[in-house]
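Residue-level structure breakdown
Spelled out from the first residue to the last, the chains are:
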Number of protein chains: 2
Amino acid sequence: MIAREDYMKKALDQARQGAAAGEVPVGALLVGPQGDVLAAAHNRVEVDDDPTAHAELLVLRHAAAQLGAARLAGCDLYVTLEPCAMCAQAIAFARIRRLYFGAYDPKGGGVDHGARIFQQPTCHHRPEVVGGVQEQACGEVLKDFFQARRTAQARDMQQ
Amino acid sequence: MIAREDYMKKALDQARQGAAAGEVPVGALLVGPQGDVLAAAHNRVEVDDDPTAHAELLVLRHAAAQLGAARLAGCDLYVTLEPCAMCAQAIAFARIRRLYFGAYDPKGGGVDHGARIFQQPTCHHRPEVVGGVQEQACGEVLKDFFQARRTAQARDMQQ
């Protein structure tokens, strides 16, 4: 039995690969009812020219296609950052059993912030939610990425 | 210059094609800054085994891939039903200029109901929104679809 921390480490590996590709480093993992990893992804918005290509949507779509079912009952989703409203609503549509996320996102989150999707009467499936799994490590990947980007931008402006 | 009613008629054609394919009949059209139709789609959740395959997400993804850009500034989106929270947040991410929708959706909508995505502080782009465009025709396509489905289910239960 793999612990949730180990699954989150795999999601973190994805996030780091995303940073290397120039994407906002968020990683996600879709785990089946037996604990098998069905899909792993990082954000691909810029690489794919796709405004919807968040890590969560990619693993949901990949796993659903693989299983031949639009609903993923019994599956759990691990993601390094609190999902936005788009991803949270997709998680509800996909009937995900449990959502584990790492860092909280007060500026763009849609689970514990903003739209609070799972608390809306228009939301017809509510996963169990566990936030703050490896929160510090998940947050640091993002912090390092944005700090490096700001440094690079400042350097560009001086040239 | 094509009127918004004509664009919505094209979105309605898509919705009817969706119904014929057994999908919840919602149709969408993505229109470029010059008025050219960049993408048209209906829901494909069941056909594609994809919980995210709402008409709006499909036209956003298609147009973004076609233009080679994750943001579609200056583009307008026509959809026969009030977008859900997932699609509304994707519309914000894609920087859509204007959103025209047909029927209102108190049970599942995310624009004028539930999450009210564009009114959240976590939403960083707000399109102009015009609801109720050909509201009656858009609503009837959905009503007819669900009525036919209920009739078929009742017949199946009697057999």
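Everything below is about the structure shown above.
Residues numbered from 1 in each chain as written. Chains lettered and ligands numbered in written order. Predicted model: local features only at pLDDT ≥ 70, side-chain atom pairs only at ≥ 80, totals over all residues. Heavy atoms only, no water.

To continue, consider the pattern of salt bridges. Considering all chains together, one arrives at 14 salt bridges over all chains under this definition. In this structure, the salt-bridge partner of Arg61(A) is Asp50(B), at a minimum N-O distance of 3.0 Å. One end of the pair, Arg61(A), is in helix 3 (residues 55-67); the other, Asp50(B), is in the loop between helix 2 (45-48) and helix 3 (55-67), on a second chain. Judged by relative accessible area, which is 24%, Arg61(A) ranks as partly exposed. Relative accessible area serves as the criterion here: at 8%, Asp50(B) is assigned to the buried category. (Salt bridge = Lys/Arg side-chain N within 4 Å of Asp/Glu carboxyl O. Helix = DSSP H or I, 4+ residues; strand = E, 2+ residues; numbered from the N terminus. Buried < 20%, exposed > 50% of the residue type's maximum accessible area, 1.4 Å probe, protein only.)

The next thing to look at is the interface of chain A and chain B. Taken together, the 32 residues of chain A in the interface contact 32 residues of chain B. A combined buried area of about 2,500 Å² lies between chain A and chain B, and 63% of that area is made up of carbon and sulfur atoms. The largest contributions to the chain A side of the interface with chain B come from Asp49(A), Pro51(A) and Arg61(A), which together make up 23% of the buried area. Connecting chain A to chain B are four salt bridges. Where chain A packs against chain B, one counts six residue pairs in polar contact (both at pLDDT 80 or more). Within the residue set of the side of chain A that touches chain B, elements represented by two or more residues are helix 2 (45-48), helix 3 and helix 4 (85-93) of chain A. (Contact = heavy atoms within 4.5 Å. Buried area = accessible area lost by both parts, 1.4 Å probe. Polar contact = N/O pair within 3.5 Å; in protein donor to acceptor, adjacent residues only side chain to side chain.)

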